[in-house]
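So the chains spell out like this:
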Amino acid sequence: MSLGGGGFSTVANSTYAAIYDAGVLIVAAAGNAGTSAYSYPASYSSIMSVAAVDSNENRASFSQYNDQVEIAAPGVGVKSTLPGQGLPGDGSPRDGSYDSWSGTSMACPHVAGVAALVWSHFPNCSNKHIRQALIASARDKGAAGCDILFGHGIVSAQGAYDYLKEKGCNFEVVEAQGGCDQFHDPPPSTTPPPITQPPSTPPTPVPSPTPSKAPVVAPVVPPSPPGSCIGISVDIATVSHSSEISWSIKHFLNPLGDAIASGAGFTQHDASYNQNECLEAGVYTFSISDDSGSTGTGTYKLSLVNGGKVFIEGQLGNDKEHVFGFVSQDTVHVTDSCGNSVLSGF
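Residues numbered from 1 in each chain as written. Predicted model: local features only at pLDDT ≥ 70, side-chain atom pairs only at ≥ 80, totals over all residues. Heavy atoms only, no water.

J.: Just to check I follow, could you spell out the state of the cysteines for this structure?
T.: What makes a disulfide is a covalent bond joining the sulfur atoms belonging to two cysteines. Counted under the stated rule, the structure contains three disulfides. Paired through a disulfide, Cys 229 and Cys 278 show a sulfur-sulfur distance of 1.9 Å. With the S-S dihedral at roughly 80°, the linkage between Cys 229 and Cys 278 falls on the right-handed side. Residue Cys 229 is found in the loop between α4 (157-167) and β6 (230-240), and its partner Cys 278 is found in strand β9 (residues 272-279); the two are separated by 49 residues along the sequence. (Disulfide = S-S within 2.5 Å. Helix = DSSP H or I, 4+ residues; strand = E, 2+ residues; numbered from the N terminus.)

Structure representation (structure tokens):
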């Protein structure tokens, strides 16, 4: 992500955490103020904060530095494509060609690109495995180990590939910490070797009675855990309608994809409609369309099946959209169609 600013947001932090826990690796520019100030969203623990280095692998003077910087990548004089603002060859400085720019926003895509490249070779790894592979294999710069200027070091595509080729995708990962506190390879074991005792004369063996055969005990198999999805109820109550109402729920990060839940055909007057769905923790978009425009009347609401707590509600008429995210059964975050937070948790 090439965006940032000051100010920590509890809602944004929880939303990014939910996206991260849903399996998405999030990478953002550390900031270009050249200070130790935290820039968000890069400084949220669920996001990899990327610093910039020049062609000599020195820290760029503008690159922000703090304990949330996790990794570094080239960000000075990086050639990139430019949006077309004229015809090719007409002399416009932005004619859909190339130019060299600097910023942590140029460094960030290097890390995202390396992550995508490595992940394509190890598709069974989780986002947390890829994150650890990137920081564990980064080339150390600056002070030994992780530091606030370069994080764990400069990103290395070959190093990350070799790391996963050796370890696979079964190594232990921990929750998001961000920056230098993000999980790294544990140090080698310092357990001393066992002390070898000198041989001694064995005692004279004494015969013992034949032991009785122990009964065979079947292993105890724990019960399967309950389903991890979160039950929601979609309720529509019409008062005066003849036009069709329809709704859908999609993954927030895949707005063009198929709906994972939907309903349509609600045309009756003075009628109530209910539909239950089960969603995994993550971030979603709820859209409701009312063909009657502003003339129809009635209400809609979304609530948790377990406990009945309402987290989205509104009046029918015109099209509306809400973004909501589940962290757990008891925690939900909702924004309106303008992106304003309207509910955080219960």
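J.: Explanation requested: the sheet that holds strand β2 (residues 47-53) in the structure shown.
T.: Sheets are built from strands paired through backbone hydrogen bonds, the pairs being either parallel or antiparallel. Sheet architecture is open: three strands sit in the order β1-β2-β3, paired in parallel fashion. The open sheet has two free edges, formed respectively by β1 (26-29) and β3 (69-74), since each of these has just one partner strand. On average, adjacent strands in this sheet sit at an angle of 40° to one another, irrespective of strand direction. Here β1 runs beside β2; their pairing, made up of four bridges, is parallel. By the bridge assignment for β2, Ala 28 is matched with Ser 49. Its contacts with the sheet place helix α2 (residues 104-121) against β1, β2 and β3, and it is angled at close to 120° to β2. Against the sheet, helix α3 (residues 127-137) touches β2 and β3, its axis set at about 30° to β2. (Pairing = 2+ DSSP bridges. Axes fitted to C-alpha atoms, helices over the stretch in contact; angles between N-to-C directions. Contact = heavy atoms within 4.5 Å.)

J.: Even after reading the chapter, I still don't get α3, so can you show me in this structure?
T.: Each full turn of the α-helix corresponds to 3.6 residues, which orients residues three or four apart in the same direction. Judged by how many residues are buried, α3 sits mostly within the fold: eleven of eleven residues are covered. Buried residues of α3: Asn 127, Lys 128, His 129, Ile 130, Arg 131, Gln 132, Ala 133, Leu 134, Ile 135, Ala 136 and Ser 137, and no others. Its buried side turned inward, α3 meets α1 (10-21), β2, β3, α2 and α4. (Buried < 20%, exposed > 50% of the residue type's maximum accessible area, 1.4 Å probe, protein only.)

J.: Would you explain α1 in this entry?
T.: For α1, which comprises twelve residues, the first-to-last C-alpha distance of 16 Å matches the rise-based estimate of 16 Å (1.5 Å per residue) to within 8%. One or two residues past the end of α1 sits Gly 23, with phi positive at roughly 110°. (Expected span 1.5 Å × (residues − 1).)

J.: Help me understand the side chain of Ser 49 in this model?
T.: Along the chain, Ser 49 falls in strand β2. Judged by relative accessible area, which is 1%, Ser 49 ranks as buried. For Ser 49, the residues in contact, after removing those within four places along its chain, are Ala 28, Ala 30, Ala 42, Gln 68, Val 69, Glu 70 and Ile 71.

J.: In this structure, what is going on with unusual backbone geometry? I would like to understand it.
T.: Outside of glycine, negative phi angles account for most residues, and trans bonds account for most peptide bonds. Cis geometry is adopted by the peptide bond preceding Pro 41, which originates at Tyr 40 and carries an omega value of 20°. Along the chain, Pro 41 turns up in the loop between β1 and β2. Of note, the phi angle at Glu 57 is positive, near 65°, even though the residue is not glycine. Among the secondary structure elements, Glu 57 is positioned in the loop between β2 and β3. Residue classification places Glu 57 among the partly exposed residues on the basis of a relative accessible area of 26%. At Asp 270, a residue that is not glycine, the phi angle is positive and equals roughly 45°. Position of Asp 270 relative to the elements: it lies in the loop between β8 (261-264) and β9.

J.: Would you explain the sheet that holds β6 in this entry?
T.: Strand order across the open sheet formed by four strands is β9-β6-β11-β12, with antiparallel pairing between neighbours. Edge positions in the sheet fall to β9 and β12 (310-315), since each has one partner strand and no second. Direction aside, the axes of adjacent strands within the sheet are offset by 15° on average. In this sheet, strand β11 (residues 297-304) lies alongside β6 in antiparallel orientation, the contact comprising eight bridges. Paired with Ser 233 across the strands is Ser 303, a residue of β11.

J.: Looking at this model, I keep getting lost on the packing of aromatic side chains. Mind explaining?
T.: The geometry of an aromatic ring pair is captured by two quantities: the separation of the ring centres and the angle between the planes. For the structure on display, the rule yields ten aromatic pairs. What links up through ring pairs into an aromatic cluster is the set Phe 8, Tyr 16, Tyr 40 and Tyr 44. (Phe/Tyr/Trp six-rings, centres within 6.5 Å; stacked < 30°, edge-to-face > 60°.)

J.: I keep staring at the side chain of Gln 132 and nothing clicks. Help me out?
T.: Structurally, Gln 132 is set in helix α3. There is a polar contact of 2.6 Å between the side chain of Gln 132 and the side chain of Tyr 163. (Polar contact = N/O pair within 3.5 Å; in protein donor to acceptor, adjacent residues only side chain to side chain.)

J.: Just checking my understanding: could you explain the pairing of β6 for this structure?
T.: A regular strand carries its side chains on alternate faces of the sheet. Along β6, eight of the eleven residues are buried, which leaves the element largely enclosed by surrounding structure. Where β6 meets β9, eight bridges bridge the pair, whose relative direction is antiparallel. Across the sheet, the residue bridging to Ser 233 is Asn 276, located in β9.

J.: It is not clear to me how the pattern of salt bridges should be interpreted in this structure. Could you clarify?
T.: Pairing is possible between side chains that carry opposite charge, provided their charged atoms lie close to one another. By the definition in use, this model includes five salt bridges. Residues Glu 57 and Lys 141 are paired through a salt bridge, measuring 3.9 Å at the closest nitrogen-oxygen approach. Pair noted here: Glu 57 is in the loop between β2 and β3 and Lys 141 is in the loop between α3 and α4, with a separation of 84 residues, a long-range link. Residue classification places Lys 141 among the partly exposed residues on the basis of a relative accessible area of 23%. Residues Lys 128 and Glu 175 are paired through a salt bridge, measuring 3.9 Å at the closest nitrogen-oxygen approach. Of the two residues, Lys 128 is situated in helix α3 and Glu 175 in the loop between α4 and β6; the sequence distance between them amounts to 47 residues. What you see here is one network of salt bridges that share partners, running through Asp 21, Lys 128 and Glu 175. (Salt bridge = Lys/Arg side-chain N within 4 Å of Asp/Glu carboxyl O.)

These figures capture arrangement, not role.
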